[in-house]
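# Chains, contacts and geometry: an overview
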Amino acid sequence: MQYRINPRNGDRISALGLGCMRFPGPPGRPDARQARAVIARAVERGVNYLDTAYLYPGNEACVGAALEGLGLRDGVFLATKLPHGSVRGAADLDRIFEEQLRRLRTDRVDYYLIHNVTSPSQWEHLRAAGAEGWLARQRAAGRIRQVGFSYHGSSGDFPVLLDAYDWDFCQIQYNYAGERYQAGTAGLRAAADRGLAVFVMEPLLGGRLADRLPPRARRILDAASEPGLGSPAAWGLSWVWDHPEVTMLLSGMSSPGQVDENASVAERALPGAMTPRQHEVVARVVAEFERSNRVPCTGCDYCMPCPRGINIPGCFSAYNASFAHGWFTGLSQYFTASAVRTESPKLVSNCVRCGACARRCPQHIDIPARLAEVGRRFQPGPVGWALRLVTRRRG
Ligand code: SF4
Ligand code: SF4
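Cut-off values and rules
Residues numbered from 1 in each chain as written. Chains lettered and ligands numbered in written order. Predicted model: local features only at pLDDT ≥ 70, side-chain atom pairs only at ≥ 80, totals over all residues. Heavy atoms only, no water. Helix = DSSP H or I, 4+ residues; strand = E, 2+ residues; numbered from the N terminus. Contact = heavy atoms within 4.5 Å. Polar contact = N/O pair within 3.5 Å; in protein donor to acceptor, adjacent residues only side chain to side chain. Near = heavy atom within 4 Å. Nonpolar A, V, L, I, M, F, W, Y, C, P; charged D, E, K, R; others polar. Domains from an automatic or database assignment. Buried area = accessible area lost by both parts, 1.4 Å probe. Salt bridge = Lys/Arg side-chain N within 4 Å of Asp/Glu carboxyl O. Buried < 20%, exposed > 50% of the residue type's maximum accessible area, 1.4 Å probe, protein only. Pairing = 2+ DSSP bridges. Right-handed = clockwise from strand over helix to strand, strands pointing away. Core = buried A, V, L, I, M, F, W, Y, C linked by side-chain atoms within 4.5 Å. Axes fitted to C-alpha atoms, helices over the stretch in contact; angles between N-to-C directions. Parallel < 35°, antiparallel > 145°, perpendicular 65-115°, else oblique. Left-handed = near helix turned anticlockwise from the far one by under 90°. Phe/Tyr/Trp six-rings, centres within 6.5 Å; stacked < 30°, edge-to-face > 60°. Lys NZ or Arg CZ within 6 Å of the ring centre and 35° of its normal.

## Remarks on the environment of R105
- On the secondary structure map, R105 appears in the loop between helix 3 (90-104) and strand 6 (109-117).
- In the structure, R105 is positioned 21 residues away from H84 in sequence and 22 Å away in space, judged by C-alpha atoms.
- Once residues within four sequence positions are removed from consideration, R105 is found in contact with G64, A65 and E68.
- Among the polar contacts listed, one links the side chain of R105 to the side chain of E68, at a separation of 2.8 Å.

## With respect to the site of ligand 2
- Surrounding ligand 2, one finds 13 residues, the nearest of these being C297, C300, D301, C303 and C361.
- When grouped by side-chain class, the residues that make up the shell around ligand 2 number 9 nonpolar, 3 polar and 1 charged.

## Comments concerning the domain arrangement of the chain
- For the chain, the domain assignment lists domain 1 (3-290) and domain 2 (312-394).
- The C-alpha-based centres of domain 1 and domain 2 are spaced at 30 Å.
- Taken together, the contacts link 13 residues of domain 1 with 9 residues of domain 2.
- Here domain 1 and domain 2 share an interface that buries about 720 Å² over both sides, 40% of which is from carbon and sulfur atoms.
- For the pair domain 1 and domain 2, the number of links is 0 salt bridges.
- Where domain 1 meets domain 2, there are 5 residue pairs in polar contact (both at pLDDT 80 or more).

## Regarding the pairing of strand 3 (residues 16-19)
- The alternating pattern of strand 3 places L16 and L18 and G17 and G19 on opposite faces, both of which are buried.
- The pairing of strand 3 with strand 10 (residues 248-251) spans 3 bridges and is parallel. Bridge assignment links L16 to a residue of strand 10, and that residue is L249.
- In this structure, strand 3 lies alongside strand 4 (residues 49-51), joined through 2 bridges in parallel fashion. Across the sheet, G19 pairs through a bridge with D51, a residue of strand 4.
- Read from strand 3 through helix 1 (residues 32-44) to strand 4, the crossover connection turns out right-handed.

## Some thoughts on the nonpolar core
- Counting 88 residues, the largest nonpolar core has L18, W123 and F149 as the members making the most contacts within it.
- No other element matches helix 9 (residues 232-241), which puts 7 residues into this core.
- Among residues more than four places away in sequence, those in contact with W123 are I114, A131, E132, L135, L161, A164, Y165 and W167.

## A look at the packing of helix 1 against helix 2 (residues 59-70)
- The geometry of helix 1 relative to helix 2 is characterised by a closest axis approach of 9 Å and an angle of 60° between their N-to-C directions. Compared by their axis directions, helix 1 and helix 2 come out oblique. Read as a crossing pair, helix 1 and helix 2 show a hand that is right-handed. Contacts between helix 1 and helix 2 pair A32, A35, R36, I39 and A40 from the former with C62, V63, A66, L67, G69 and L70 from the latter.
- When its residues are assigned to classes, the contact of helix 1 with helix 2 shows 9 nonpolar, 1 polar and 1 charged.

## Description of the site of ligand 1
- Around ligand 1 sit C306, P307, R308, I312, C351, V352, R353, C354, G355, C357, P368 and L371, and that is every residue in its neighbourhood.
- By residue class, the composition of the shell around ligand 1 is 9 nonpolar, 1 polar and 2 charged.

## Digging into unusual backbone geometry
- A cis amide bond, omega 0°, links M304 with the succeeding residue P305.
- A positive phi is found at D301, a non-glycine position, where the angle reads about 75°.
- Topologically, D301 is positioned in the loop between helix 11 (276-292) and helix 12 (312-324).
- In this structure, A339 is a non-glycine residue whose phi angle is positive, near 50°.

## Some thoughts on the packing of aromatic side chains
- Here the structure, examined in full by the defined rule, presents 23 aromatic pairs.
- An aromatic cluster of three or more residues is present, and its members are W123, F149, Y151, F158, Y165 and W167.
- Over the ring of Y54 we find R103; its NZ or CZ atom is 4.3 Å from the centre of that ring.
- In this structure, R377 packs its charged tip against the face of F323, placed 3.9 Å from the ring centre.

Shown next, in the form of structure tokens:
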């Protein structure tokens, strides 16, 4: 395993971290046995950073039980996140944190993040609730070691947030298809210039730069035939690790095999290791990827559940697939995502535009409007009427 040093406190962190959000299992109920197998293999391969969050349903408890069962708590850096929207006052900070420690079966959190910050005003809200004093007390008591935030806001707001508090680290979305998206490359450099450790999330855009890369883009990578870059995932991860400003990247690995694959890449992907030719290949892939990336959904599920039962990420995935893989492939995926062949289909036309989903989307997607586009693509005119008729009859 390759390790990088946290410039803030000297922690030696594995370049590959385990994002626990995508453990296998039905929504809200990660499969404990499989999660334990993934964690065990990750640690075996040298991974020493695990990331979870209060808002990932069932996830903190799953991680806590696995670490206790495997006797690994002291061998890893454990990170979790504070849901700032649930904090009204200092009492909420205590209540949430105590619950997190109970779920994680630990007496301390190594890396504590304000979760999904999209605007500096959210930090100001926490500050007004007493967060600065509270964090200072937790640090002094050794219950929180490092304080940071995960970010999904604009590039313009990012430096403002960086300067709003004495952060130890930040976590940004970063990948070769998003150099100018959210914090982007400018944000990466700004954070590193301030001496912060920078952790990267979504290095493969929820798999869209890995197994779900559009075929034409994949063919560019395959044709390049570069040693050590035998898969789209290897290209995507190596591109992030090529940046010396990156301390660690999180991958949401969901099987021991995926851990093995990514850990092998991590061993070789040193800062500055990619050649100019490899960067040129990536630039061509980006151009191809952007042709089919109509909705920038990462499949994070933050918008779910929809009160009308719509599988929002599934519909967007089908929509993008219809541009990457052809209309019929997308339609078939849409039928699966919207359960058309069941007794109670959940078509995008079921959307009542309540807006609950869009408020939770870290990618700031106007979900109701974009679902309407999905409807126009897959339920045009007579097809839409027929589907709605069938839906009503079954209902
Ligand atoms: S706006 Fe539509 S898709 Fe979003 S939660 Fe409401 S009904 Fe569901
Ligand atoms: S629409 Fe937004 S919140 Fe929902 S899965 Fe996609 S990126 Fe996540």
